[in-house]
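Structure assessment
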Amino acid sequence: MKFRKLFTAVLLSLTVLIPLPAENAAAFSVSDDISFNEIMAADTDSAKREAGDILRQKMAERADELELEIIPDAVKEKKDVNDIINFALEETGIGTEGDYIRWSLSSYQYEAKTDRYRRKVIIHFSFTYNSSAEQEQIVTEKLSEVYAQLDLNNISDLDKISRIYEYITSNVRYPDVPDENNRTLFSAYGALINREAVCQGYALLLYRMLTDCGLQCRVVPGNTDLENHAWNIVRIGEAFYYLDPTWDTGRSKSNYLFYLRGTSDFDSYSQQNHYTSLWEHEESPVYYPFDSGEFYIDNPVSLTAYSRRKIFRLGDLNADGKIDSSDATIVLSSYASVSVGKLSGLNEGQLFAADTDGDGAVSSADATNILSYYSYQSTGGNKAFDQYLKTR
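Residues numbered from 1 in each chain as written. Predicted model: local features only at pLDDT ≥ 70, side-chain atom pairs only at ≥ 80, totals over all residues. Heavy atoms only, no water.

1. Details of the pairing of strand E4 (residues 105-115)
In the sheet, E4 pairs with strand E5 (residues 120-129) via ten bridges, with the strands oriented antiparallel. Note on E5: the bridge partner recorded for Ser107 is Thr128. Between E4 and E5, which follow one another and run antiparallel, lie four residues, and Arg119 among them has a positive phi close to 50°. (Pairing = 2+ DSSP bridges. Helix = DSSP H or I, 4+ residues; strand = E, 2+ residues; numbered from the N terminus.)

Below, the structure written as structure tokens:
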């Protein structure tokens, strides 16, 4: 199947930092028509986090400009302002924050100056967005109607994902010839209200709806074999699963190709491939390192697609019919994540398959059992895995 060309926005960033020493700086006057916010925290880390909280609130409200007054020790270099922006864009579990702000930005810039008289640094931010405050209010009101229509109360997370995904893939269309100057195409507003969007708008609407309903979801930027693209991951149990509503648009529910897929089968039915990567302006703090190991440690994606019917045998975590070193590798990777307080990255069936010693936990001992059995088989042993474990 040949996929139509996908077009998505490149987030523009312009950062200007002028950290002037207090003894040389002139007084910095503050404009009367800009939201001014004084950071009260006196220590560096608390000041940055407080500044991030205010910045998050203002961006969620689609503020065009704001100024933050903060202690000089908190903003000595560009990295310090980036820290504030990173705090502002943290995932909070609120649908209008986190990735919803991150990928709703069209451009931003900031300037920092020292006010020697007040012994403060004043950071001036300005933003442009792909949707306005008025449009976001319309989105919120419309979503209330949609949630009632979909009857999302008292149903499982899986059913919530299914109904929301079906709503989006049935009601949003990809434009035949995307107009880059039409910024609403890159927004949830375009997808929900105009019922037309590019992949960024699809992914934002799915993020907003799933997060509103209490699910943990992320927008993932990347590439196909031809161009930039965006899709989502959503958490079910101990693992995340891929979703691409753009490429499933117009398909019936029974014919989805990119719904709740794992790392090994996301592109099983596609002539193109998804590659997680940064777009342009990698140095911008708006871009989380989506192609780094850190992102997938925090948000581990299942090896295989979600399935209520798939049967996992004890020891066979990749369901390939064999118990070997690859299964042990999965166990050890999961154990490493759990050991530092992260999700295991295993689905329900894999959690059963991984617990080879029956102690209710995934550990290095389980991997040792698998490797021992693999060695046993390699030397001609023919006992089933469960029978082998009884003789150890």
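2. Observations regarding the confidence of the model for the protein
In the predicted model, the protein carries a mean pLDDT of 86, and 86% of its residues have values of at least 70. Counted against residues more than four places away or in other chains, residues 1-31, with its pLDDT under 50, gives 95 contacts. (pLDDT = per-residue confidence, 0-100. Contact = heavy atoms within 4.5 Å.)

3. What to know about the packing of helix H10 (residues 325-339) against helix H12 (residues 364-378)
Relative to each other, H10 and H12 sit at 175°, their axes nearing to 9 Å. In this view, H10 runs roughly antiparallel relative to H12, as classed from their interaxial angle. Across the interface between the two elements, Ser325, Asp327, Ala328, Val331, Leu332 and Tyr335 from H10 touch Ser364, Asp366, Ala367, Ile370, Leu371 and Tyr374 from H12. When its residues are assigned to classes, the contact of H10 with H12 shows eight nonpolar, two polar and two charged. (Axes fitted to C-alpha atoms, helices over the stretch in contact; angles between N-to-C directions. Parallel < 35°, antiparallel > 145°, perpendicular 65-115°, else oblique. Nonpolar A, V, L, I, M, F, W, Y, C, P; charged D, E, K, R; others polar.)

4. Overview of empty space enclosed by the protein
This model, assessed by the stated rule, comprises two cavities of 30 Å³ or more. The volume enclosed by the second largest cavity comes to roughly 30 Å³. Forming the boundary of the second largest cavity are Leu55, Met59, Ile85, Leu105, Tyr108, Phe127 and Val286. Secondary-structure elements contributing two or more residues to the lining of the second largest cavity are helix H1 (44-60) and E4. (1 Å grid on protein atoms, 1.4 Å probe; cavity = no way out; pocket = protein on both sides within 12 Å on 5 of 7 lines; lining within 4 Å. Points joined across faces, edges and corners; volume = space filled by probe spheres on them.)

5. Regarding H1
Helix length check: H1 (17 residues) gives 24 Å between terminal C-alpha atoms against 24 Å at 1.5 Å per residue, within 8%. Taken together, the buried positions of H1 are Ala47, Lys48, Ala51, Gly52, Ile54, Leu55, Arg56, Lys58 and Met59. Looking at the buried side of H1, the elements it contacts are strand E2 (35-38), strand E3 (65-70), helix H2 (78-88), helix H3 (99-102), E4 and E5. Immediately downstream of H1, the backbone of Arg62 shows phi near 65°, a positive value. (Expected span 1.5 Å × (residues − 1). Buried < 20%, exposed > 50% of the residue type's maximum accessible area, 1.4 Å probe, protein only.)

6. So, the environment of Ile168
Mapping Ile168 onto the fold places it in helix H5 (residues 157-171). Discounting residues that sit within four places of it in the chain, Ile168 has contacts with Tyr202, Leu205, Leu206, Met209 and Pro245.

7. Re the side chain of Asp99
Within the secondary structure, Asp99 is located in helix H3. Residues within four places of Asp99 in sequence aside, it is in contact with Glu91, Leu204, Tyr207, Arg218 and Val219.

8. Observations regarding the environment of Arg313
Topologically, Arg313 is positioned in the loop between helix H9 (293-298) and H10. We classify Arg313 as partly exposed; its relative accessible area is 42%. Sequence spacing of Arg313 and Gly349 is 36 residues, and the spatial spacing of their C-alpha atoms is 8.3 Å. The residues touching Arg313, leaving out its near neighbours within four places in the chain, are Gly321, Lys322, Ile323, Phe352 and Ala353.

9. Focus on the pattern of salt bridges
Counted according to the given criterion, the structure contains 18 salt bridges. Between Asp83 and Lys79 there is a salt bridge; the shortest N-O distance is 3.1 Å. Taken as a pair, Asp83 and Lys79 lie in helix H2 at a separation of four residues, close to a single helical turn. When its relative accessible area of 18% is taken as the criterion, Asp83 is described as buried. Bridged by salt links that share partners, the residues Lys48, Lys79, Asp80 and Asp83 form one connected network. (Salt bridge = Lys/Arg side-chain N within 4 Å of Asp/Glu carboxyl O.)

10. Looking at the environment of Pro221
For Pro221, the position within the fold is in strand E6 (residues 217-223). Spatially, the C-alpha atoms of Pro221 and His274 are 9.7 Å apart, while their sequence positions differ by 53 residues.

11. Digging into the packing of aromatic side chains
As enumerated under the stated definition, the model contains 16 aromatic pairs in all. Between the aromatic rings of Phe125 and Phe127, the centroid separation amounts to 5.9 Å while the plane-to-plane angle is 5°, which identifies the pairing as stacked. In this structure, Phe125 and Phe127 share a single accessibility class: buried. Judged by centre distance (5.3 Å) and plane angle (70°), the rings of Trp247 and Phe258 are edge-to-face. With a gap of eleven residues between them, Trp247 in helix H8 (residues 245-248) and Phe258 in the loop between H8 and strand E9 (259-261) connect regions that are remote in the sequence. By relative accessible area, Trp247 is classed as buried at 5%. An aromatic cluster is built from Trp231, Tyr242, Trp247, Phe258 and Phe266, whose rings are joined through pairwise contacts. The side chain of Arg183 reaches across the aromatic face of Phe186, ending 4.3 Å from its centre. Over the face of the ring belonging to Tyr100 we find Arg208, whose NZ or CZ atom lies 5.3 Å from the ring centre. (Phe/Tyr/Trp six-rings, centres within 6.5 Å; stacked < 30°, edge-to-face > 60°. Lys NZ or Arg CZ within 6 Å of the ring centre and 35° of its normal.)

12. Some words on the packing of helix H4 (residues 133-150) against helix H7 (residues 199-212)
Put simply, H4 and H7 touch, their axes get as near as 12 Å, and they point 60° apart. By the angle class used here, H4 and H7 are oblique. The handedness of the crossing between H4 and H7 comes out as right-handed. Contacts between H4 and H7 involve Glu136, Val139, Thr140, Leu143, Val146, Tyr147 and Leu150 from the first element and Leu205, Arg208, Met209 and Asp212 from the second. (Left-handed = near helix turned anticlockwise from the far one by under 90°.)

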